[in-house]
Amino acid sequence: ISLIVMIMVACDSKERVKAPKQGQSMAVPGQAASSSHNVSVKEVIQAQSYTYLRVSEGSKEYWIATAKQALEEGMSLSYDQGLEMKNFESKELNRVFDSIWFVGQLRGGATQRNDLVSPHGSEQKTRVKDISVDKVSGGVSIQELFSDMAIYAGKMVNVRGEVTKFNPQIMGRNWVHLQDGTQSGNNFDLTVTTMDAVKVGDVVIFSGKVVLNRDFGSGYKYNLIIEEAVLLAEG
């Protein structure tokens, strides 16, 4: 794991890591985090190659970085080993971290979202927003999708909703969360993967394929998700 972490820090990637300057320290194996660390994610910054996380562990808060992946605020994660860099400069973020731990492998991923099932099988919830969006003509509402999942499985559908979250270019796709003010039980937030870019607050129409029981690994298991979606213009 130490080798993986060092390669991640030292490799010639789009997010370049500068060699330590005089007085800048990097943890040696004896100083590296070696016991299990259980952390809660307080802030996420997505860069081109890395995901930066401000985490809390007990009464401490600090920054860690890992290879880019779909992580969100509120997640509970754990790791065994990391490598510390002090005065680390990210040119992409135009920011210097006084101290940051580069972590090769993270475990966990349970977060407060209604469509994400944790590895233990318990369904998580997110906040319902005060949204009211009319269903697109010939399309379906979020309530209809989750009420009759088996009917829509594998079919192409059109759905209109307000963007409540947008995470770009993770695992080669953009991740969009939609709400339209309708719900079926605790399901009111729809996840869509697409190559199109949108902004939080946009009211949009997506056309995509309904997929059930989609498991991306790392705790990302969806009861229902719309994949390979295309952004449609209002007509």
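The structure presented is a predicted model; accordingly, all values stated were derived computationally and were not measured. (Residues numbered from 1 in each chain as written. Predicted model: local features only at pLDDT ≥ 70, side-chain atom pairs only at ≥ 80, totals over all residues. Heavy atoms only, no water.)

Engineer: I would appreciate a short explanation of the overall build of the protein chain in the present structure.
Structural biologist: Helix and strand counts for the protein chain come out as 3 helices and 13 strands. Burial analysis of the protein chain (235 residues in total) assigns 46% to the buried set. When contacts within the protein chain are restricted to residue pairs at least 6 apart in sequence, long-range pairs at least 24 apart make up 60% of them. Per element, the accessible surface of the protein chain, about 12,000 Å² overall, is 47% carbon and sulfur. (Helix = DSSP H or I, 4+ residues; strand = E, 2+ residues; numbered from the N terminus. Buried < 20%, exposed > 50% of the residue type's maximum accessible area, 1.4 Å probe, protein only. Contact = heavy atoms within 4.5 Å. Areas by Shrake-Rupley, 256 points an atom, 1.4 Å probe, with all protein chains shown as cover.)

Engineer: Just checking my understanding: could you explain the pattern of salt bridges for this structure?
Structural biologist: Side chains bearing opposite charge may pair, as long as their charged atoms lie close to each other. Counting across every chain of the model gives 8 salt bridges. Here Glu-61 makes a salt bridge to Arg-54, at a shortest N to O gap of 2.8 Å. Its relative accessible area of 49% is what places Glu-61 among the partly exposed residues. Two residues, Lys-135 and Glu-144, come together in a salt bridge whose shortest N-O distance is 3.2 Å. Judged by relative accessible area, which is 43%, Lys-135 ranks as partly exposed. The class of Glu-144 is partly exposed, set by a relative accessible area of 23%. (Salt bridge = Lys/Arg side-chain N within 4 Å of Asp/Glu carboxyl O.)

Engineer: So what exactly am I meant to see when it comes to unusual backbone geometry here?
Structural biologist: Glycine aside, residues mostly have negative phi, and peptide bonds are mostly found in the trans state. Its identity as a non-glycine residue notwithstanding, Asn-94 has a phi of 55°, on the positive side. As for its position among the elements, Asn-94 is in the loop between strand 5 (82-90) and strand 6 (95-103).

Engineer: How do you make sense of the pairing of strand 6 when you look at a structure like this?
Structural biologist: Walk down a regular strand and you will see the side chains alternate between the two sheet faces. Relative to strand 6, strand 3 (residues 60-67) is paired through 3 bridges, and the arrangement is parallel. Note on strand 6: the bridge partner recorded for Ala-65 is Phe-102. Here strand 5 runs beside strand 6; their pairing, made up of 8 bridges, is antiparallel. Looking at the pairing, Glu-84 lines up with Trp-101 of strand 6. (Pairing = 2+ DSSP bridges.)

Engineer: When you look at the packing of aromatic side chains in this model, what are you seeing that I'm missing?
Structural biologist: Each pair of aromatic rings is reported with the distance of its centres and the angle of its planes. In this structure the tally under the stated criterion is 7 aromatic pairs. An angle of 90° between the planes, with centres 6.1 Å apart, marks the rings of Tyr-50 and Tyr-52 as edge-to-face. Clustering of aromatic rings is evident, with ring pairs tying together Tyr-50, Tyr-52, Trp-63, Phe-88, Phe-97 and Phe-102. (Phe/Tyr/Trp six-rings, centres within 6.5 Å; stacked < 30°, edge-to-face > 60°.)

Engineer: When you look at the environment of Val-103 in this model, what are you seeing that I'm missing?
Structural biologist: Along the chain, Val-103 turns up in strand 6. Taking the C-alpha atoms as reference points, Val-103 and Tyr-79, separated by 24 residues in sequence, lie 7.3 Å from one another.

Engineer: Before we go on, may I ask you to explain the side chain of Glu-84 in this structure?
Structural biologist: Take Glu-84: it is sitting in strand 5. Lys-86 is the oppositely charged side chain nearest to the buried, salt-bridge-free Glu-84, at an N-O distance of 4.6 Å. In terms of polar contacts, Glu-84 uses its side chain to reach the side chain of Ser-99, at 2.5 Å. (Lys, Arg positive; Asp, Glu negative; His and termini not counted. Polar contact = N/O pair within 3.5 Å; in protein donor to acceptor, adjacent residues only side chain to side chain.)

Engineer: I tried to follow the pairing of strand 3 on my own but got confused; where do I start?
Structural biologist: Relative to strand 3, strand 2 (residues 50-57) is paired through 8 bridges, and the arrangement is antiparallel. Directly across from Ser-56, in strand 3, lies its bridge partner Glu-61. Turn length for the strand 2-strand 3 hairpin, with the two strands adjacent in sequence and antiparallel, is 2 residues, and the turn residue Gly-58 shows positive phi of about 65°.

Engineer: I keep staring at the nonpolar core and nothing clicks. Help me out?
Structural biologist: Among soluble globular proteins, nonpolar side chains are generally buried collectively. Ranked by size, the top nonpolar core spans 21 residues in total, and within it Leu-53, Val-55, Tyr-62, Ile-64, Leu-77, Tyr-79 and Leu-106 carry the most contacts. Looking at this core, the elements with two or more residues in it are strand 1 (37-46), strand 2, strand 3, strand 4 (76-79), strand 6 and strand 13 (221-232). If we skip the residues at most four places from it in the chain, Ile-64 touches Thr-51, Tyr-52, Leu-53, Val-55, Tyr-79, Ile-100, Trp-101, Val-103 and Leu-106. (Core = buried A, V, L, I, M, F, W, Y, C linked by side-chain atoms within 4.5 Å.)

Engineer: What is the right way to look at the side chain of Gln-179 in this model?
Structural biologist: One can find Gln-179 in strand 10 (residues 173-179). Here Asp-189 takes part through its side chain, which lies 3.3 Å from a polar atom of the side chain of Gln-179.

Engineer: How should the confidence of the model for the protein chain be read in this particular structure?
Structural biologist: Caution applies to low-pLDDT regions: their predicted coordinates should not be interpreted in detail. Mean pLDDT over the protein chain: 79, with 76% of residues reaching 70 or higher. Of all secondary-structure elements in the protein chain, the lowest mean pLDDT belongs to strand 8 (residues 116-117), at 40, while helix 2 (residues 142-147) reaches the highest, 96. Confidence over residues 10-34 falls short of pLDDT 50; this stretch has 43 contacts with residues more than four positions distant or in other chains. Segment residues 110-125 is flagged for pLDDT under 50; beyond a separation of four residues in sequence, or across chains, it makes 52 contacts in the model. (pLDDT = per-residue confidence, 0-100.)

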